[in-house]
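Now for the letters of each chain:
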Amino acid sequence: MTVSEAESEVFAPASIAPQFVEARLKGVSVPGYPGGVLPQSMADGYAVQDLAIDMWPDELVGWKVGLVPPQHRERLGAERLAGCIFKTKVWDAGEQPTPFRAIAGGFTAVEAEFIIRLGKDAPADKTEWTAEEAAEYVGELIVGIEIAGSPLATINQLGPPIVASDFGNNDGQILGTVVENWRDIAWEDMPAETFINGVSVGKGGAFSIPGSPLAALAFLLGHVASRGRPLKKGMLVTTGASTGIHDIAAGDTSRVDFGPFGSVACVAVPA
């Protein structure tokens with residue numbers, strides 16, 4: 001075995017992160033997982049993500065929270081995972097569908113989201129949170145759409161550490177309306193239904209997020225503090241795919257109907 005062959009069989013975050021960053025910047029797909037050796041733990045995945053965050057030429061303005069599928073939770077010791085959101089990838093919804101990119105040969109999906117905007121800085125040293133404690137840090141609750149996207153077509157199939165390693169499979173965030181007086185409204189009264197090309201592909205709502213959106217925020221508050229990246233006032237947190245993860249391709253349109261809180265529409269365009 002040559003030295004280069006031996007090196008190629010070692011998990012190497014410092015070589016993986018630049019390849020994901022370059023592919024994202026160029027809007028092109030990668031043929032397989034960079035380097036071929038997959039991260040085996042969530043810590044491995046976040047090691048790649050942290051390097052990529054520091055390389056990315058944009059301001060970190062928020063985080064996405066996703067669920068770890070049940071079959072992986074015991075092995076990985078995790079129920080949720082986190083990804084990063086950057087300033088130029090946040091858009092305000094308008095009357096016309098918001099355009100977003102679909103990387104040819106990569107992965108693209110839409111997710112109906114209940115999004116929290118932080119009302120104040122979180123303590124840097126607090127890594128364990130309850131949902132009740134997290135609620136005190138909510139500035140606004142907003143409806144919207146997360147664009148799940150990656151240069152790697154098989155990202156979700158390969159498992160949560162792989163998802164974590166590439167920005168948590170996030171490629172954008174569309175913000176809809178603010179839910180006024182959200183504390184006085186039951187989660188069951190915040191519905192969501194996702195349509196692609198006019199066809200309903202999933203129903204749910206804030207009640208679909210295990211433990212509520214506040215449980216997702218509680219996880220994230222502790223998680224990012226443990227990584228030395230505590231949440232700051234104004235940061236966004238998407239709390240989970242409330243109607244599921246819905247694949248989409250360039251040319252497709254999607255709309256999420258949030259009932260009394262309006263709707264958010266978007267259209268996938270070629271990267």
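Here we summarise the structure given alongside this text. (Residues numbered from 1 in each chain as written. Predicted model: local features only at pLDDT ≥ 70, side-chain atom pairs only at ≥ 80, totals over all residues. Heavy atoms only, no water.)

### Let's talk about helix 3 (residues 42-55)
Put simply, the test is: Working definition: helices are DSSP H or I runs of at least four residues, strands are E runs of at least two. Numbering for both runs from the N terminus. Expected helix span is given by 1.5 Å per residue-to-residue step, counting one fewer step than there are residues. Burial status follows relative accessibility: with a 1.4 Å probe on protein chains alone, a residue under 20% of its type maximum counts as buried, one over 50% as exposed, and anything between as partly exposed. Contacts: residue pairs with any heavy atoms within 4.5 Å of one another.
Helix length check: helix 3 (14 residues) gives 20 Å between terminal C-alpha atoms against 20 Å at 1.5 Å per residue, within 8%. For helix 3, the set of buried residues is Met42, Gly45, Tyr46, Val48, Gln49, Asp50, Ala52 and Ile53. Next to the buried residues of helix 3 lie helix 2 (13-26), strand 1 (60-67), helix 4 (70-76), strand 2 (80-86), helix 7 (160-165) and helix 8 (213-226).

### Some thoughts on the pattern of salt bridges
Opposite charge on two side chains allows them to pair when their charged atoms are near. Basically, it comes down to this: Any Lys or Arg side-chain nitrogen found within 4 Å of a carboxyl oxygen on Asp or Glu counts as a salt bridge.
Going through the model one piece at a time under the given rule, you end up with twelve salt bridges. A salt bridge links glutamate 59 to lysine 87; its shortest N-O distance comes to 3.8 Å. Of this pair, glutamate 59 sits in the loop between helix 3 and strand 1 while lysine 87 sits in the loop between strand 2 and strand 3 (90-92); the two residues are 28 residues apart in sequence, bridging distant segments of the chain. Of the residues examined, glutamate 59 reaches a relative accessible area of 44% and is grouped as partly exposed. Of the charged contacts, one joins aspartate 171 and lysine 89 as a salt bridge, the two residues approaching to 3.4 Å between their closest N and O atoms. Here the residue aspartate 171 occupies a position in strand 7 (residues 170-178), and lysine 89 occupies one in the loop between strand 2 and strand 3, the gap between them amounting to 82 residues. Like aspartate 171, the residue lysine 89 is buried in the burial classification. The network of salt bridges with shared partners includes Arg24, Lys89, Arg101, Asp166 and Asp171.

### Some points on the environment of leucine 76
Relative to the assigned elements, leucine 76 resides in helix 4. Residue leucine 76 is classed as buried on the basis of its relative accessible area, which comes to 13%. As for leucine 76 and glycine 105, which are separated by 29 residues in sequence, their C-alpha atoms are 28 Å apart.

### Structural notes on the packing of aromatic side chains
Cut-off, in case you're wondering: Aromatic contacts are taken between Phe, Tyr and Trp rings whose centres are within 6.5 Å, Trp giving its six-membered ring; a plane angle under 30 degrees counts as stacked, one over 60 as edge-to-face, and the others as tilted.
Here the structure, examined in full by the defined rule, presents seven aromatic pairs. Summarising the aromatic geometry, the rings of phenylalanine 20 and tyrosine 33 are spaced 5.5 Å apart at their centres and angled 75 degrees between planes, so their arrangement reads as edge-to-face. On the criterion of sequence distance, the pair formed by phenylalanine 20 in helix 2 and tyrosine 33 in the loop between helix 2 and helix 3 is long-range, its members being 13 residues apart. Overall, the relative accessible area of 2% leaves phenylalanine 20 in the buried class.

Honestly, that's just the spatial picture; any functional story needs more than this.
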